[in-house]
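Survey of secondary and tertiary structure
Next come the chains, spelled out residue by residue.
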Amino acid sequence: MLPEQKKKIIVLMINMFIAIGSFGIIIPILPAYLVSIGEGGMAAGLMIAIFAGAQFVMSPIAGKWADQLGRRKMIIAGLSGLTVSMFVFYFSDSIWVLYLSRVIGGIGAALLIPAIFAYVADITTMDQRAKGNSYISAAMSLGIVVGPGIGGFLADYDLKLPLLVSALVSLVSVIFSVIVLKESREVSPETGGPIEQEPMLKKLAQSIHKPYFIPLIITLVMSFGLMAYESVLGLFVDNQFAATPKQIAVMITSTGIVSVVMQLLVVERLVHRFGEGVILNVFISVTAVCFFLSLFASTYVLFFMITLVVFLSTSILRPVLNTLISKLAGNEQGFAMGMNNAYMSIGNVIGPLLAGVLYDVNILYPFVLGFVVLGITIMVSMVWQKNKKGKLFME
């Protein structure tokens, strides 16, 4: 990449890191905070589902706006939405206002994430796309690792302190973007015309006919499986292996570090050597096998190693899918990335809810479900790649 490209990528990485990290700060204190205001597990689950639901509804619209109004405006608007969400969270103890803050946060994330990936597509060539997307994904993973660690440290001083710090850090990212971030392309009369307000169902129907529909489905399945896995992870290791909170924290942190390393150092090389199609088939298969092996893990250490491989695989799949969708999207990068975010949000909503229900029936059922769904997905991926659109990215 040229120095100017690298500079822009770094700015986007900082934005993504701050956005994800500031949200991650509140994760360690959320259960205790909800208990302090008289709420419990149902409220915690609803807060995740509400955030993902708002993100799902808004993502296709936000993607279209990114095409029509420009990436910079959407990035700043998204960061502003996340900032407002954090301040509302900090200043209120009403569960209904907290739910409202999650709606605002979900909308902010929907405005931000598609615009950032569309920005990357604007400033990179086809050959550079995987590297650019890997850097952004690495910034997301790093935020997931660093945020909760900071939140846990701050909570020792005051339970609500992480909420305030999260809001202030997010505000800094807004100011930073206003000052530093430049538009990635000129908004022409064609792209900057009247904003179309199409129903969500119509947008989803349109996506079925897009050349990147199957990668969107794989994105949904990956998000579904990963969130289902994550949502029962702590409960499972506690129930099966009597794992301590420290052991659970070490597991989550380790998987995050593995994700960052893979996305920064490995993904681009794999894509250049094998192509997106081969990587999809291999790592979806690896993830499916790991879900199956989870059924037979007899020790915490063994389950820990399986979990590391699951997160390693998905950390490779995420930027590869973003790159594949971007390459197939042509001139509608914003819409494609918006739909990508929408499909991911569907998985983020359904995964934890269904995994929780199945876990109450049998603690192994979430892993069985993941194995079956991923097995079907690998077959769909292989069939799709036999047509011309699929073969294009296996060369």
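Residues numbered from 1 in each chain as written. Predicted model: local features only at pLDDT ≥ 70, side-chain atom pairs only at ≥ 80, totals over all residues. Heavy atoms only, no water.

1. Brief notes about empty space enclosed by the protein
Convention followed: Detection works on a 1 Å grid of protein atoms alone, calling trapped sets that fit a 1.4 Å probe cavities and calling open sets with protein on both sides within 12 Å along at least five of seven lines pockets, with lining residues defined by an atom within 4 Å of a point. Grid points are joined across faces, edges and corners, and a volume is the space filled by probe spheres set on the points. Comment: elements are numbered from the N terminus, with helices defined as DSSP H or I runs of at least four residues and strands as E runs of at least two.
Summed over the entire model, instances satisfying the criterion amount to two cavities of 30 Å³ or more. Within this model, the largest cavity holds a volume of roughly 110 Å³. Lining the largest cavity are 13 residues, and of these Phe117, Arg318, Asn322, Asn340 and Met344 sit closest to its centre. Taken together, the elements giving at least two residues each to the lining of the largest cavity come down to helix H5 (95-123), helix H9 (213-241), helix H13 (300-329) and helix H14 (333-361).

2. Some points on the pattern of salt bridges
Defined as follows: For this analysis, a salt bridge means a side-chain nitrogen from Lys or Arg found within 4 Å of a carboxyl oxygen belonging to Asp or Glu. Buried residues are those whose accessible area, probed at 1.4 Å on protein chains only, stays under 20% of the maximum for their type, while exposed residues exceed 50% and partly exposed ones sit between those limits.
Tallied over the entire structure, the rule returns three salt bridges. The partner of Asp122 in a salt bridge is Arg71, with the nearest N and O atoms 2.7 Å apart. Highlighted residues: Asp122 in helix H5 and Arg71 in helix H4 (residues 71-91), separated in sequence by 51 residues. Under the relative-accessibility criterion, Arg71 is labelled buried at 1%. In this structure, Asp93 and Lys160 form a salt bridge, with 3.4 Å as the shortest nitrogen-oxygen distance. In this pair, Asp93 sits in the loop between H4 and H5 while Lys160 sits in the loop between helix H6 (126-155) and helix H7 (161-180), placing the two residues 67 residues apart along the sequence. Assessed through its relative accessible area of 49%, Asp93 is described here as partly exposed.

3. Comments concerning the packing of H14 against helix H15 (residues 365-384)
For clarity, the cut-off: Inter-axis angles, ranging from 0 to 180 degrees, are taken between N-to-C directions of lines fitted to C-alpha atoms, where helices are fitted over the stretch in contact. By the definition adopted for this analysis, an angle is roughly parallel if under 35 degrees, roughly antiparallel if over 145, roughly perpendicular if from 65 to 115, and oblique otherwise. Two residues form a contact once any of their heavy atoms are found within 4.5 Å. Polar here means any residue other than Ala, Val, Leu, Ile, Met, Phe, Trp, Tyr, Cys and Pro, which are nonpolar, and Asp, Glu, Lys and Arg, which are charged; Gly is therefore polar.
In the contact formed by H14 and H15, the axes pass within 7 Å of each other and the chain directions differ by 130 degrees. The angle between the axes of H14 and H15 places the two elements in the oblique class. Touching Leu354, Ala355, Leu358, Tyr359 and Val361 of H14 are Tyr365, Pro366 and Leu369, all from H15. Grouping the constituent residues of the contact of H14 with H15 by class yields eight nonpolar, no polar and no charged.

4. Remarks on the nonpolar core
Note that soluble globular proteins tend to have their nonpolar side chains buried in a common cluster. Selection rule: Buried Ala, Val, Leu, Ile, Met, Phe, Trp, Tyr and Cys residues form a nonpolar core when they are joined through side-chain atoms within 4.5 Å.
If you look at the biggest cluster of nonpolar residues, it comprises 95 residues, and the most contacted ones within it are Met16, Ile75, Tyr229 and Phe303. By residue number, the principal contributor to this core is H13, which donates 15 residues. Setting aside anything within four residues of it in sequence, one finds Met16 in contact with Ile113, Ile116, Phe117, Ile136, Ala139 and Met140. Core analysis: the second largest hydrophobic core is formed by 10 residues, Tyr33, Ala43, Phe89 and Ile95 among them.

5. Describing the side chain of Ser223
Turning to its location among the elements, Ser223 is positioned in helix H9. Since its relative accessible area comes to 5%, Ser223 is described here as buried. Once residues lying within four places of it in the same chain are set aside, the contact partners of Ser223 are Met344, Gly347 and Asn348.

6. Things to note about the confidence of the model for the protein
Put simply, the rule reads: Here pLDDT means the predictor's own confidence in every residue, given as a number from 0 to 100.
Per-residue pLDDT for the protein averages 80, and the proportion of residues at 70 or more is 88%. When pLDDT is averaged over each helix and strand of the protein, the minimum, 49, is found for helix H16 (residues 388-392) and the maximum, 91, for helix H12 (residues 276-294). This stretch, residues 191-195, has a pLDDT under 50; its non-local contacts, to residues over four places away or in other chains, come to 10 contacts. Here residues 390-395 is modelled with pLDDT under 50, and outside its nearest four sequence neighbours on either side it reaches 14 contacts, counting other chains as well.

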